[in-house]
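So you can see what is in the structure, the chains are spelled out below.
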Amino acid sequence: MYPLTIGLAIENRDLWEQAQACLADLPFRIIVEHQDVGDVSNFLDRLERMRPDVVLVDISGWKEPLEGLVASIRNAIGDPMIVALNTSADSDAILSSLRAGINEYLFPPLQEPLKRALEKRSAERSRRRDGGAKAGGKAYAFMSAKGGCGATTLITHVAAELGRQNQKVLLTDLDLDAGMVGFITKTKAVYSILDAVNNLHRLDIHYWKALVSNGIPGVEIVASPLALASKQQPKDEQVRHVLAFARPHYDVTLVDLGRSLSRMGMAALEEIDEACLVTTLEVPALHQSKQIIQTLLDSGYGKNRIRLILNRAPKRLDITPGELEKMLGIPIFCMIPNDYPELYETYAEGRMLNRNCELGKQIAKLALKLANLEETNSNSAKKRFSFMGK
């Protein structure tokens, strides 16, 4: 069951006690509790900070049009499930609630109907997270535990390698602060991810093809804005909409989320099959890694979907891989060796890594393992040798 987070704005004592009693028996976490429904601005501020999956609102004493309240909640946190609680089954109140965009209208006794509504929402989110409703190829996100861990270097070269493997690849730069994908790939992008976000109403395959660039063979790239630290931050549902639209058109979708785990990154992960967390052995990076992993697990992102990549690994580790895995709580998916001189020379010459150098070979192995192409290539080779009678 998907572990929903709940926000409450309930002033009526009886509704408050019934809602609390119901939630106490469910595996969901209350992260916002607000008992002064008239203090809307404070409630909205708390919602925007905590961003619960479900909002329960007491409308028994609400005198203003519900459309304004619903719009304010959705502007604050995107697209939560909004449940209106009232003391009675008033037909006019039910109708006005539904017209305002409220998902569920409930009245006492709350125990069973509230439980059913939340379990239904949980099941929907579980299917979405598990990828059951997704079409098209696989989607992977890369993020650095902290700045400088090398996620962008890895994702760009993974994209290049998958392109060489005859995969149709989309490389999307959602790092709106740094946006280094374009620099590394030498992509001359005219448009950015913000053009897609700002034109959702006209987003079709013809418009999409006008947005992407082809800086690497087999790879289509959607860059971040040229101006650093973009003033416009896309809304959660806009990010999800763009990724949901794009991924069915590619074998592999790769998304650079930049450093750490941002609000936009969390939104993007709802359309991502596997999250690749890139860290180094630096103490701050390991500390951040542990925090990010715990946040992902608390949000319902399965442990089996987190890929821990240890970058710039020295030849001799001060800590064993087993000790590192025990400390962070997940297995190491891949270790990439340190080769700073090779990278320095590569970027100084304005090119990408030579895939025949040792670092290039290791990143190529990462790409094949991530996309599960190792076994496919091995089976193809066996069939070829069998056909030749060997």
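Okay, so let's go over this structure. Note that the structure is a prediction, hence the values are computed from the model and not measured.

Remarks on the overall build of the protein chain
Along its length, the protein chain carries 16 helices and 13 strands. Projected onto its principal axes, the C-alpha positions of the protein chain cover 75 × 50 × 45 Å. The buried share among the 390 residues of the protein chain stands at 51%. Expressed as a percentage of contacts within the protein chain between residues at least 6 apart in sequence, the contacts between residues at least 24 apart total 76%. Of the roughly 18800 Å² of accessible surface on the protein chain, a fraction of 50% belongs to carbon and sulfur atoms.

Regarding the pattern of salt bridges
Summed over the entire model, instances satisfying the criterion amount to 13 salt bridges. The partner of Arg247 in a salt bridge is Asp273, with the nearest N and O atoms 2.7 Å apart. Of the two residues, Arg247 sits in the loop between α10 (236-246) and β10 (252-259) while Asp273 sits in the loop between α11 (263-268) and β11 (274-279), which places them 26 residues apart along the sequence. No difference in accessibility class separates Arg247 from Asp273, as the two residues are buried. The residue Glu274 makes a salt bridge to Arg307 at a minimum N-O spacing of 3.1 Å.

Side note on the packing of helix α12 (residues 283-298) against helix α13 (residues 321-328)
In the contact formed by α12 and α13, the axes pass within 9 Å of each other and the chain directions differ by 50°. By the criterion of interaxial angle, the relationship of α12 to α13 is oblique. Along the contact surface, α12 presents Leu286, Ser289, Lys290 and Ile293, while α13 presents Leu324, Met327 and Leu328. Across the contact of α12 with α13, the residue classes tally to five nonpolar, one polar and one charged.

Points about the packing of aromatic side chains
Within a pair of aromatic rings, the relevant descriptors are the distance that separates the centres and the angle that separates the planes. Summed over the entire model, instances satisfying the criterion amount to three aromatic pairs. Taken together, a centroid distance of 5.8 Å and an interplanar angle of 65° make the contact between Trp208 and Phe245 edge-to-face. One end of the pair, Trp208, is in helix α9 (residues 205-211); the other, Phe245, is in helix α10, and 37 residues separate them in sequence. Positioned over the ring face of Tyr250 is Lys168, at 5.5 Å from the centre of the ring. Over the face of the ring belonging to Tyr301 we find Arg305, whose NZ or CZ atom lies 4.1 Å from the ring centre.

Cut-off values and rules
- Residues numbered from 1 in each chain as written.
- Predicted model: local features only at pLDDT ≥ 70, side-chain atom pairs only at ≥ 80, totals over all residues.
- Heavy atoms only, no water.
- Helix = DSSP H or I, 4+ residues; strand = E, 2+ residues; numbered from the N terminus.
- Buried < 20%, exposed > 50% of the residue type's maximum accessible area, 1.4 Å probe, protein only.
- Contact = heavy atoms within 4.5 Å.
- Areas by Shrake-Rupley, 256 points an atom, 1.4 Å probe, with all protein chains shown as cover.
- Salt bridge = Lys/Arg side-chain N within 4 Å of Asp/Glu carboxyl O.
- Axes fitted to C-alpha atoms, helices over the stretch in contact; angles between N-to-C directions.
- Parallel < 35°, antiparallel > 145°, perpendicular 65-115°, else oblique.
- Nonpolar A, V, L, I, M, F, W, Y, C, P; charged D, E, K, R; others polar.
- Phe/Tyr/Trp six-rings, centres within 6.5 Å; stacked < 30°, edge-to-face > 60°.
- Lys NZ or Arg CZ within 6 Å of the ring centre and 35° of its normal.

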